[in-house]
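Secondary and tertiary structure notes
Given next are the chains, with one letter for each unit.
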Amino acid sequence: MRIDYRVEHPVRLQACFEVDGFTVLLGQSGEGKTTLLRAIAGLLPAQGEPFGGLPPQHRAVGYLPQGYALFPHLRAWENVAFALPRGAQRRALAMELLARVRLADVAEHYPAALSGGQQQRVALARALARKPQLLLLDEPSSALDAATRDEVMAELISEVHEFGLPVLAVSHDPHLAAQADSVAVMSGRRIVQQGAPAEVLLRPGSVDVARLLGHRNLFSGRIAGHDPAAGVSLLQWEAAAGAVLRMPQQPELAVGRVVQWMIAPTAVRLPALKPEHHRSDNPVAGRVESRLNLGTYFQIALRCGSERLWLDAHSNLVRHHGLETGSEITVDLRSDGLLCWP
C-alpha cells in the first residue's frame, strides 16, 4: 500500500513511501510520526492517499495509539466490543477476536490486571473489530520493558502477519526496525530512505540515518587519494594518529574533501588466532577503555587517538589476547565495512 500524505498543521511534513507487510517508520521525536498516523486515520486535516477526503468513521483503518487507550473501567472483552456495532452477537464477536489474539482466557479481566503485552493485544483485537485495510501502530514498543520487548513485539508481528494486514508502525526504536519487513526513515520531516531492514541498517544513506539506526562508530576523515588499479580510495582518520584507511573506491569524492564515515562493530576485527591466515586491511592501534561480557562475545570500546571505536569480539579471541581494561591492541578495520558520505 502506498502512503502519500502532506500535512501543514501542527507541523509541516511530507511523506511518500510503501507499506509492505510490517513496515516501521523510524524517526526521532518531533519529526511528526504520530502526526502522520493521525492524518492517515482522519484525525487531522491533511491531503493524501489512501483514504483522502473520507471522514474518520469511514476510513478502513485500525489505530493503536501510544499507551493503547484502553478503558480502565471496562473488561477486556468490553474494550473490544466497544468498537463493534450494538447487537446480540456483540459479546460473541468480541470473544472471537480475543481468541484470535490468544487472550480468550483473560476476557473478564480489567486492563490493570493485564501485562503490557496483553494490553497491547487487547488493543489489537479492538482495532481488528473495524475490519481495517491498514493497521496503524504508534510507538508499539515504548510501553514495554526491555526484558520482554523483543518477545512481545515478535508475537505481535507474527499475529498481524497471520491476519494478512499491512501495518505501519512509527517508532524511534532501531530494535523494532530490525524486526520489520520494511523500514522507512524520516528525517527533516520527509522520507530519506526505505528498504529491507538489513539493507538500511548495513548501508544507511547518510550520517543522520546512521545515528537514527543506533550506529556508534561515526567519525570524520579526509580523502587522501584514490588507487583505481586497486579499486580503493584512501581515507585519512586524522583523529586516530592520522591512520590511512583503504575503502571501496568512491572517485566522486575529491582528494582533500572532509567526509563522514562509519564502520559496524562487527567489521572491526581482533588479530586472528593464526595471523598467517589473515590479511590485514586497515590496522589501527588502540587501548581498551571498557569491555562488556555478553556471553559468547564481548562488546569492547577502544580508545584510538581522540576517538572511541566499538567492536564485537568472540569470547575465545578476547581470552586468547588477554584483553583487559588498559590493554593495548591493534585491530583491523575491514575495508568493505567502511561506509562514507560527503
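These remarks concern the structure in this document. Within each chain, residues carry numbers counting from 1 in the order of the written sequence. The predicted nature of this model means local features are confined to residues of pLDDT at least 70 and side-chain atom pairs, given and counted, to a pLDDT of 80 or more, with totals for whole chains, interfaces and linings taken over all residues. The side-chain numbers reported here are obtained from all heavy atoms of the structure, hydrogens and water having been left aside.

Focus on the pairing of strand 6 (residues 134-138)
Note on exposure labels: buried denotes an accessible area under 20% of the residue type's maximum, exposed denotes more than 50%, and partly exposed covers the range between, all computed with a 1.4 Å probe on protein chains only. In this description a helix means any DSSP run of H or I spanning at least four residues, a strand means any run of E spanning at least two, and both kinds are numbered starting from the N terminus. Burial of strand 6 is extensive: five of the five residues sit out of reach of the surface. Residues of strand 6 alternate between two faces, with Leu-134, Leu-136 and Asp-138 on one and Leu-135 and Leu-137 on the opposite face, all of them buried. Should DSSP find at least two bridges between two strands, the strands are regarded as paired. Sheet topology places strand 5 (residues 61-64) next to strand 6; four bridges connect them, and they run parallel. Opposite Val-61, over in strand 6, you have Leu-134 as the bridge partner. Taken together, the four bridges between strand 6 and strand 7 (residues 167-171) define a ladder with parallel strand orientation. Looking across to strand 7, one finds that Leu-137 is bridged to Ala-169.

Quick look at the nonpolar core
Nonpolar side chains in soluble globular proteins tend to be buried together. Note on terminology: a nonpolar core comprises buried Ala, Val, Leu, Ile, Met, Phe, Trp, Tyr and Cys residues joined through side-chain atoms within 4.5 Å. Phe-22, Leu-98, Val-122, Leu-124, Leu-135 and Leu-137 are the most contacted members of the largest nonpolar core, which totals 47 residues. Whether two residues touch is decided by their heavy atoms; if any such pair falls within 4.5 Å, the residues are in contact. With near-sequence residues (within four places) excluded, Val-122 lies in contact with Leu-70, Ala-76, Asn-79, Val-80, Leu-98, Leu-103 and Leu-114. Among the nonpolar cores identified, the runner-up in size contains 31 residues, and Leu-245, Trp-261, Leu-270 and Leu-338 belong to it.

A closer look at the environment of His-215
Tracing the backbone through its elements, the reader meets His-215 in the loop between helix 8 (207-212) and strand 10 (218-227). Through-space distance from the C-alpha of His-215 to that of Phe-22 is 23 Å; in sequence the pair is 193 residues apart. Not counting residues within four places of it along the chain, the set of residues in contact with His-215 comprises Leu-201, Pro-204, Ala-210 and Met-262. There is a polar contact of 2.7 Å between the side chain of His-215 and the backbone oxygen of Leu-201. Any pair of nitrogen or oxygen atoms within 3.5 Å is treated as a polar contact; in protein, a donor-acceptor pairing is required on top of that, and neighbouring residues in sequence qualify only through side-chain atoms on both sides.

Section: the sheet that holds strand 7
Hydrogen bonds along the backbone pair up the strands of a sheet, which may run parallel or antiparallel. Across the sheet, six strands lie side by side as 5-6-7-3-8-9; this open sheet has mixed pairing. Looking at strand neighbours, the two that pair on one side only are strand 5 and strand 9 (190-195), the edges of this open sheet. Each strand axis lies, on average, 20° off the axis of its neighbour in the sheet, ignoring direction. The strands touched by helix 1 (residues 33-40) within the sheet are strand 3 (22-26), strand 5, strand 6, strand 7 and strand 8 (182-187), with strand 6 carrying the most contacts at an inclination of about 150°. Lying over the sheet, helix 5 (residues 146-163) contacts strand 3, strand 6 and strand 7, oriented at roughly 130° with respect to strand 3. Here an axis means a line fitted to C-alpha atoms, over the contact stretch when the element is a helix, while the angle between two N-to-C directions is reported on a 0 to 180 degree scale.

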